[in-house]
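# Understanding the architecture of this molecule
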Amino acid sequence: MRPLTAETRLVVERLWQLYRHDLSEFRGTHGPSGFRGSLPDADGTFHTRGLLPYFENDADLAAYVFSSGSHPVGFAFVSRVTSPVRLMSEFFVVHGLRGHGIARAAVDELFALHPGEWEIPFQENNVAAARFWRSVAADVAGEHVREELRPVPGKPEIPPDVWITITVG
């Protein structure tokens, strides 16, 4: 895992397209605009609005690229880095390496880099994400896991997000 840099920008932009494509799987359950508006734009690419702030110089944001050997295989975007509670804003590992420990190794490294309280939101119907984050929370925090439903701001048509809160480190 390494921090996002100008040199890795194109790689992360490409991985972002895969990530947004994954989210588009939920289109049928969230109306015509898809899971949080995850349909491609007219040019066939997914929007990058959520990605762009991580290329700015902002001490409250951190972005990392994961690799397996020389192959980029995922990313994590963390916000509220300087706040008492960090937020796992975006997290992605390519399909070919899911279930091989890459995601868990990346999360462990993130928690070591940014100890303290974390909030991790996900959609319940994203079954793989729900299973992964609950497993991580149980391993890291045991019985000291808070879980709550929170509405998605500005998206009343989308089911509420599940938010897990844990303390690490």
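In this report, we go over the structure that sits alongside the text.

Procedures and definitions
- Residues numbered from 1 in each chain as written.
- Predicted model: local features only at pLDDT ≥ 70, side-chain atom pairs only at ≥ 80, totals over all residues.
- Heavy atoms only, no water.
- Phe/Tyr/Trp six-rings, centres within 6.5 Å; stacked < 30°, edge-to-face > 60°.
- Helix = DSSP H or I, 4+ residues; strand = E, 2+ residues; numbered from the N terminus.
- Buried < 20%, exposed > 50% of the residue type's maximum accessible area, 1.4 Å probe, protein only.
- Pairing = 2+ DSSP bridges.
- Contact = heavy atoms within 4.5 Å.
- Axes fitted to C-alpha atoms, helices over the stretch in contact; angles between N-to-C directions.
- Salt bridge = Lys/Arg side-chain N within 4 Å of Asp/Glu carboxyl O.

### Here's the deal with the packing of aromatic side chains
One pass over the full model with this rule turns up 13 aromatic pairs. Pairing Phe 75 with Phe 92 gives two aromatic rings, centres 5.5 Å apart and planes at 35 degrees, and the pair type is tilted. In this pair, Phe 75 is assigned in strand β3 (residues 71–79) and Phe 92 in strand β4 (residues 85–93), connecting sequence segments 17 residues apart. Exposure class is identical for Phe 75 and Phe 92. Each is buried. Ring geometry for Phe 91 versus Trp 133: centroids 5.1 Å apart, planes at 75 degrees, classification edge-to-face. Pair noted here: Phe 91 is in strand β4 and Trp 133 is in helix α3 (residues 127–141), with a separation of 42 residues, a long-range link.

### Observations concerning the sheet that holds β4
Sheet architecture is open: seven strands sit in the order β1-β2-β3-β4-β5-β7-β6, paired in mixed fashion. Edge positions in the sheet fall to β1 (2–3) and β6 (146–150), since each has one partner strand and no second. Pairing analysis gives five bridges linking β6 to strand β7 (residues 161–168), with the strands arranged antiparallel. Paired with Arg 150 across the two strands is Asp 161, which belongs to β7. Across the sheet, helix α2 (residues 102–113) is in contact with β2 (61–68), β3, β4, β5 (116–122) and β7; its angle to β4 comes to roughly 155 degrees. Lying over the sheet, α3 contacts β4, β5, β6 and β7, oriented at roughly 25 degrees with respect to β7.

### Re the pattern of salt bridges
Tallied over the full model, the rule gives ten salt bridges. Between Glu 119 and Arg 80 there is a salt bridge; the shortest N-O distance is 2.5 Å. Here the residue Glu 119 occupies a position in strand β5, and Arg 80 occupies one in the loop between β3 and β4, the gap between them amounting to 39 residues. A salt bridge links Asp 108 to Arg 104; the nearest nitrogen and oxygen atoms lie 2.9 Å apart. With a gap of four residues between them, Asp 108 and Arg 104 both fall in helix α2, about one helical turn apart. The class of Arg 104 is partly exposed, set by a relative accessible area of 24%. Within the structure, one salt-bridge network assembled from shared partners comprises Arg 80, Glu 119, Glu 148 and Arg 150.

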